[in-house]
Amino acid sequence: MTLRVGDIVAALGGELLGDAQRGIARLAPLEAAQPDELSFLADARLTHALKGSQAGCVIVAPAMREAAAARGDCIVTDNPHLYFARLTQLWQRVHGAVPQPGIHPSAVVEEGAIIDPSASVGALSFIGRGARIGAGTIIRERVTIEQGCSIGARCLIQSGAVIGGDGFGFASTPEGGWEKIEQLGAVRIGDDVEIGANTCIDRGALGDTVIEDGVKLDNLIQIAHNCHIGRHTAMAGCVGVAGSAHIGAHCTVGGAGMILGHLHIADHVHISSASIVTRSIRRPGHYTGFFPLDDNAQWEKNAAALKQIHRLRERIRSLEQQLLAVAGAS
Amino acid sequence: MTLRVGDIVAALGGELLGDAQRGIARLAPLEAAQPDELSFLADARLTHALKGSQAGCVIVAPAMREAAAARGDCIVTDNPHLYFARLTQLWQRVHGAVPQPGIHPSAVVEEGAIIDPSASVGALSFIGRGARIGAGTIIRERVTIEQGCSIGARCLIQSGAVIGGDGFGFASTPEGGWEKIEQLGAVRIGDDVEIGANTCIDRGALGDTVIEDGVKLDNLIQIAHNCHIGRHTAMAGCVGVAGSAHIGAHCTVGGAGMILGHLHIADHVHISSASIVTRSIRRPGHYTGFFPLDDNAQWEKNAAALKQIHRLRERIRSLEQQLLAVAGAS
Amino acid sequence: MTLRVGDIVAALGGELLGDAQRGIARLAPLEAAQPDELSFLADARLTHALKGSQAGCVIVAPAMREAAAARGDCIVTDNPHLYFARLTQLWQRVHGAVPQPGIHPSAVVEEGAIIDPSASVGALSFIGRGARIGAGTIIRERVTIEQGCSIGARCLIQSGAVIGGDGFGFASTPEGGWEKIEQLGAVRIGDDVEIGANTCIDRGALGDTVIEDGVKLDNLIQIAHNCHIGRHTAMAGCVGVAGSAHIGAHCTVGGAGMILGHLHIADHVHISSASIVTRSIRRPGHYTGFFPLDDNAQWEKNAAALKQIHRLRERIRSLEQQLLAVAGAS
């Protein structure tokens, strides 16, 4: 099924320079796009890539207007990346690839769960008693929403996610064992949140675990009990957040980043991939901490030396003092 | 539904100073608790926090008795944290929030699985042939227990966990490919074990993977084939344990810790979060290894220098020798 | 059920020195094997371990022929490890432990999915419309294969895996939020691929995510959208690969290794466990980068010094210059 460029502009806006009747069969990256495909160019520094592209039509920013028009058809819009995102959504709607409202017959919904009629609950999912699913939210296949947890409107929960498992809480016994602390809180998720495949968000111990509006979590992420994640914060795959961490709004955490418990992270903090946060961060900024990759033989030498680094520091200090003495004497 | 303080003390013990008829509507943290809520204070250093609390009743240790009684109602007990843990369990029982024995109709139980009548198997779970589930154990929703694996008594397996997937075992072929080694062992889990959401424990190659009594595993943990984890050891989320590792009793592993294969870890070893264990640890203690977080610009400078650290060491050694020569000459 | 040694050799080849009628009840490790058990010895350096073994029969290489025959029955073959792998497969077939072709009645298969009649789809699995499952492939219990994804022949997908969840793609909005980029590509998996429990492979944004023939992925691995993984590459548990990474053939990635997005990794590259790859690797080799474990007190000292390492370097440089001046002056 093709979409005409004129229909795209009618739906999403932008200024069309070219043939409104042109049919678009697919969306494609600029370098690979064919004449029946549409592409976009978000970065003005890549304007040179326009020239060789065979794309039937390209979405560009006003600064690239001349160069794009010289090449062929284009749609000019202030934010080509955002326009393209909306186009992918239009594309899915037109092609009927959006899950329909309703509950799949193989899903298990306990009594007392409240699911908005416009929500979609996929095959083999489980919704516990007292859970609430908001308008337009899509719960894909094999998702667990445990008892009493709430999901806002327009959320998307990918397959295998577990929302509301027990937090990891135990009291130690005098015999060296562990006594379970039942987790009496729930998980509250805001609107427009996306949760990745096999990601886990634990219910709170007493209060709730809270995920604010617009948060985006990738796959295989662990959010422990009583965390609070501020709106529009995004985390890449394999991130772990330990219990009671409070993360601000508009933060990003790179893949496999790890945030310890009971920390407070300010708004607009960006954590690099594979970095571990062991203290609160009060100021916006970009923070990093991982061992740089090296050829294994080099790494072995450096790792051995690293274990003596505080002694090296002492030797430097001693050298400085001795040198001072020698210089004074000479 | 409220619980009277007198009923709590009747069930769990402790000395009540105050009104046995007082109704408790919720359990709450000390600083947020209201007059119809009950709280606890585990740490004597936080006694000052008692004063401002509005809690209807507070669980305290004998050392805090005077301060607590001066504030209002309290329950005095040797171990407030443990008491509180047991109270959360009582709370769940009284409120009917404990899964009932039996097998949910949507669960799939293969022929030859042996499930204790007092166990609970949640919705959409799978129990393979020859698997055994002990008394009082709770298998939550969407759990997989593969063929021939055994789970002891009073265990709790959270949603999405996979017990008994194949271990990762292959022989390399002369052509550079991999030939599967079928995993003929199983997983044996003791009593009172908790397994977190989406955690995986692989079956053994020839022998079994063994999880001893009282082990507590958080979410998204990987336990590879033929591991042996000693009793009462606890691991936080995102931990990985490679094949044939033998971990002692009463150990703890912080979130995202990683233990390589074929290692032997003694009892009472504590591994910090995000630390990687590459050699056996024979002595109890606290072990750590991760790159400390820093402002990204600082980290970049240090990471660059780090790659030369073994050369820095040589330069220091050379300086020391030269200085000796100079000092001798001067 | 026992298997006679003669039947094993008839099926798998190799030269039998000993009793073809001997019955084998189990396969076992050399050091623990009993007279009704069969074992193997892959490493010539371990020939001394042969002597004490009670195994009924041992698979050995030609170089160990004499020593093995002196002990008792043996099968001589060029590659004992590979022979043993094939024996475990024979063992499973003989014992009827191989999943039967067909679709479990509790699985949900959407219209338009094409499943080879020789494939096996386990309980509570989901196969989306337009998905293709090749000949002899085994989809275990509680697996998700999303719409339009294809799995080749003779693959094995462990429980809980999610193939074809949405890639993590968003355009930022002027208000600081995120606009979803619908993921229009799919996942294409070749032949003889194994995917571990709860592992996630995301669908591509425009093109496809591609896993070539013979790739082996362990549990809890995250493969992001548009990655390309070359044939026979193997990854251990908890690995993360970020979007659009292109990984060559015959690579290995140790547990919890992390590969950032848009990188290009050559063939025959080996990444150590817990190492993070932040740049493309053009040459085969062994690469490592993690902070070595230490006693916590030592680590704290070294971690503190580490944050000043670039300043230490400057102090060394300064010392060298001063020493030169002093030496010149003296």
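Residues numbered from 1 in each chain as written. Chains lettered and ligands numbered in written order. Predicted model: local features only at pLDDT ≥ 70, side-chain atom pairs only at ≥ 80, totals over all residues. Heavy atoms only, no water.

Trainee: Lay out the overall build of chain A with the relevant residues and their values.
Mentor: Across its full length, chain A holds 6 helices and 37 strands. On C-alpha atoms alone, chain A measures out to a radius of gyration of 27 Å, which is more than a quarter above the 20 Å that the 2.2 N^0.38 rule sets for 330 residues. Dimensions of chain A along its principal axes, counting C-alpha atoms only, are 85 × 70 × 35 Å. Going through the 330 residues of chain A one by one, you find that 57% of them count as buried. As presented, chain A carries roughly 12300 Å² of accessible surface, and 51% of it is formed by carbon and sulfur atoms. With 28 positive and 33 negative side-chain charges, chain A shows a separation of 6 Å between the mean positions of the two kinds. (Helix = DSSP H or I, 4+ residues; strand = E, 2+ residues; numbered from the N terminus. Rg over C-alpha atoms; globule rule 2.2 N^0.38 Å. Buried < 20%, exposed > 50% of the residue type's maximum accessible area, 1.4 Å probe, protein only. Areas by Shrake-Rupley, 256 points an atom, 1.4 Å probe, with all protein chains shown as cover. Lys, Arg positive; Asp, Glu negative; His and termini not counted. Charge placed at Lys NZ, Arg CZ, Asp CG, Glu CD.)

Trainee: I'd like a description of empty space enclosed by the protein, backed by residues and values.
Mentor: In this structure the tally under the stated criterion is 5 cavities of 30 Å³ or more. In this structure, the largest cavity spans a volume of roughly 590 Å³. Every residue lining the largest cavity is counted, 32 residues in all, and those nearest its centre are A256(A), A274(A), A256(B), A256(C) and A274(C). Looking at side-chain class alone, the lining of the largest cavity contains 24 nonpolar, 8 polar and no charged residues. (1 Å grid on protein atoms, 1.4 Å probe; cavity = no way out; pocket = protein on both sides within 12 Å on 5 of 7 lines; lining within 4 Å. Points joined across faces, edges and corners; volume = space filled by probe spheres on them. Nonpolar A, V, L, I, M, F, W, Y, C, P; charged D, E, K, R; others polar.)

Trainee: I'd like a description of the packing of helix 1 (residues 5-12) of chain A against helix 4 (residues 80-94) of chain A, backed by residues and values.
Mentor: All names here are of chain A. Relative orientation of the contacting elements helix 1 and helix 4 amounts to 110 degrees, with a least axis distance of 11 Å. On the basis of their axis angle, the class for helix 1 and helix 4 is roughly perpendicular. Listed contacts from helix 4 to I8, V9, A11 and L12 of helix 1 are Y83, R86, L87 and L90. Among the residues making up the contact of helix 1 with helix 4, the classes are represented as 7 nonpolar, no polar and 1 charged. (Axes fitted to C-alpha atoms, helices over the stretch in contact; angles between N-to-C directions. Parallel < 35°, antiparallel > 145°, perpendicular 65-115°, else oblique. Contact = heavy atoms within 4.5 Å.)

Trainee: Please give an account of the relation of the copies chain A and chain C that cites residues and values.
Mentor: When chain A is fitted to chain C, the residual RMSD is 0.0 Å, and the transformation amounts to a turn of 120 degrees plus an axial shift of 0.0 Å. The symmetry that links the two subunits is that of a three-fold axis. (Least-squares fit on C-alpha atoms with pLDDT ≥ 70 in both.)

Trainee: Got a sec to walk through helix 4 of chain A? Specific residues and values, please.
Mentor: For helix 4 of chain A, which comprises 15 residues, the first-to-last C-alpha distance of 20 Å matches the rise-based estimate of 21 Å (1.5 Å per residue) to within 8%. Just past helix 4 of chain A, the residue G96(A) takes up positive phi, approximately 65 degrees. (Expected span 1.5 Å × (residues − 1).)

Trainee: Residue-level account of the sheet that holds strand 16 (residues 150-151) of chain B, with values.
Mentor: All names here are of chain B. If you walk across this open sheet you meet the 8 strands as 10-13-16-21-24-27-30-33, and the pairing is parallel. Either end of the sheet is taken by a strand with one partner, and the two such strands are strand 10 (114-115) and strand 33 (264-265). For strand 10 and strand 13 (residues 132-133), the ladder comprises 2 bridges, and the chain directions are parallel. The partner of I114 across the bridge, within strand 13, is R132. (Pairing = 2+ DSSP bridges.)

Trainee: Go over the interface of chain A and chain B with me, naming the residues and quoting the values.
Mentor: With 73 residues of chain A at the interface, the matching set in chain B holds 68 residues. Taking both sides of the interface into account, the surface hidden between chain A and chain B amounts to around 5800 Å²; carbon and sulfur atoms contribute 65%. When residues of chain A are sorted by the area they lose upon contact with chain B, F168(A), W178(A) and L206(A) head the list and together hold 11% of the total. Inspection of the chain A/chain B interface yields 4 salt bridges. Across the pair E179(A) and R86(B) runs a salt bridge whose closest N-O atoms are separated by 3.3 Å. On inspection of chain A and its partner chain B, the count reaches 29 residue pairs in polar contact (both at pLDDT 80 or more). (Buried area = accessible area lost by both parts, 1.4 Å probe. Salt bridge = Lys/Arg side-chain N within 4 Å of Asp/Glu carboxyl O. Polar contact = N/O pair within 3.5 Å; in protein donor to acceptor, adjacent residues only side chain to side chain.)

Trainee: Account for the interface of chain A and chain C, with residues named and values stated.
Mentor: Contact residues are listed per partner, giving 68 residues for chain A and 73 residues for chain C. Across the chain A to chain C interface the summed buried area is about 5800 Å²; carbon plus sulfur atoms make up 65%. At the junction of chain A with chain C, the criterion picks out 4 salt bridges. At the boundary of chain A with chain C, the tally comes to 29 residue pairs in polar contact (both at pLDDT 80 or more). Going through the elements one at a time, helix 4, strand 25 (216-217), strand 28 (234-235), strand 37 (294-295), helix 5 (296-306) and helix 6 (309-329) of chain A are the ones with two or more residues in the side of chain A that touches chain C. Here the side of chain A that touches chain C gets 10 residues from one element, more than from any other, and that element is helix 6 of chain A.

Trainee: If you had to explain the packing of aromatic side chains to someone new, which residues and values would you point to?
Mentor: Evaluation of the coordinates by the stated rule reveals 12 aromatic pairs over all chains. Arranged with centres 6.3 Å apart and planes meeting at 85 degrees, the rings of F291(A) and F291(C) form a pair that is edge-to-face. With one member in each of two chains, F291(A) in the loop between strand 36 (285-288) and strand 37 and F291(C) in the loop between strand 36 (285-288) and strand 37 (294-295) form a pair that bridges those chains. Owing to a relative accessible area of 5%, F291(A) belongs among the buried residues under this scheme. Aromatic ring contacts, followed pair by pair, group F291(A), F291(B) and F291(C) into a single cluster. (Phe/Tyr/Trp six-rings, centres within 6.5 Å; stacked < 30°, edge-to-face > 60°.)

Trainee: Break down the sheet that holds strand 21 (residues 187-189) of chain C for me, with residues and values.
Mentor: Pairing is parallel in the open sheet, where 8 strands are placed in the order 10-13-16-21-24-27-30-33 (chain C). The sheet is open, and its two borders are formed by strand 10 (114-115) and strand 33 (264-265) of chain C, each paired with just one other strand.

Trainee: Break down the nonpolar core for me, citing the residues and quoting the values.
Mentor: A general feature of soluble globular proteins is that nonpolar side chains tend to end up buried together. Among the nonpolar cores identified, the biggest contains 90 residues, and I145(B), I189(B), I223(B) and M235(B) are the most heavily contacted of them. Among residues more than four places away in sequence, those in contact with I223(B) are C200(B), I201(B), D202(B), T209(B), I211(B), L217(B), I229(B), M235(B) and V241(B). (Core = buried A, V, L, I, M, F, W, Y, C linked by side-chain atoms within 4.5 Å.)

Trainee: Help me get a handle on unusual backbone geometry, residues and values and all.
Mentor: Despite not being glycine, D192(A) shows a phi value in the positive range, around 60 degrees. Relative to the helices and strands, D192(A) resides in the loop between strand 21 (187-189) and strand 22 (194-195). Backbone geometry places H262(B), a non-glycine residue, at a positive phi of 60 degrees. Judged by relative accessible area, which is 64%, H262(B) ranks as exposed.

Trainee: I'd like a description of the pairing of strand 18 (residues 162-165) of chain C, backed by residues and values.
Mentor: Pairing analysis gives 2 bridges linking strand 15 (residues 144-145) of chain C to strand 18 of chain C, with the strands arranged parallel. Counted as the bridge partner of T144(C) is V162(C) from strand 18 of chain C.

Trainee: Describe the pattern of salt bridges, listing the residues and the values that go with them.
Mentor: Under the counting rule described, the total for this entry stands at 45 salt bridges over all chains. When the shortest N-O distance is used, the salt bridge between R140(A) and E141(A) registers 3.4 Å. Accessibility classification places R140(A) together with E141(A) in one group, the buried group. A salt bridge links E15(C) to R65(C); the nearest nitrogen and oxygen atoms lie 2.5 Å apart. Of the two residues, E15(C) is situated in strand 2 (residues 15-17) and R65(C) in helix 3 (residues 65-71); the sequence distance between them amounts to 50 residues. Residue E15(C) is classed as partly exposed on the basis of its relative accessible area, which comes to 33%.

Trainee: Would you mind going over the environment of E31(A) in detail, with residue names and values included?
Mentor: You can see E31(A) is positioned in the loop between strand 4 (26-27) and strand 5 (37-40). Measuring from C-alpha to C-alpha, the distance between E31(A) and Q54(A) comes to 7.8 Å, with 23 residues separating the pair along the chain.

Trainee: Mind laying out the pairing of strand 5 (residues 37-40) of chain C, listing which residues take part and the relevant values?
Mentor: Two faces belong to every sheet, and in a regular strand the side chains alternate between them. Residues and elements named next belong to chain C. Strand direction decides the pairing type here: strand 4 (residues 26-27) and strand 5, joined by 2 bridges, are parallel. Counterpart to R26 in the pairing with strand 5 is E37. One ladder, built from 3 bridges, connects strand 5 with strand 6 (residues 57-60); its direction is parallel. Among the inter-strand pairings, F40 is bridged to a residue of strand 6, identified as I59.

Trainee: Before we move on, can you summarise the side chain of D294(A) with the specific residues and values?
Mentor: Relative to the elements of secondary structure, D294(A) occurs in strand 37. Despite its burial, D294(A) pairs with no opposite charge, the nearest such side chain being K307(B) at 4.5 Å.

Trainee: Please set out helix 4 (residues 80-94) of chain C residue by residue, giving values where relevant.
Mentor: Burial runs high along helix 4 of chain C: 11 of the 15 residues are buried. Taken residue by residue, helix 4 of chain C has P80(C), L82(C), Y83(C), F84(C), A85(C), L87(C), T88(C), Q89(C), L90(C), W91(C) and Q92(C) as its buried positions.

Trainee: Can you explain the environment of G237(A)? Please cite residues and give values.
Mentor: All names here are of chain A. Counting through the fold element by element, G237 comes out in the loop between strand 28 and strand 29 (240-241). According to the relative accessible area criterion, G237 is buried, its value standing at 5%. Considering only alpha carbons, one finds G237 and S273, 36 residues apart in sequence, at a separation of 9.5 Å. The contacts of G237, once residues within four sequence positions are left out, are D218, N219, I221, G255 and A256.

Trainee: So, the confidence of the model for chain A: which residues are in play, and what are the values?
Mentor: Summing up the model confidence of chain A, the mean pLDDT is 95 and the portion of residues at 70 or higher is 99%. Model confidence for the complex: the whole-complex pTM is 0.97, and ipTM, which rates the interface, is 0.96. (pLDDT = per-residue confidence, 0-100.)

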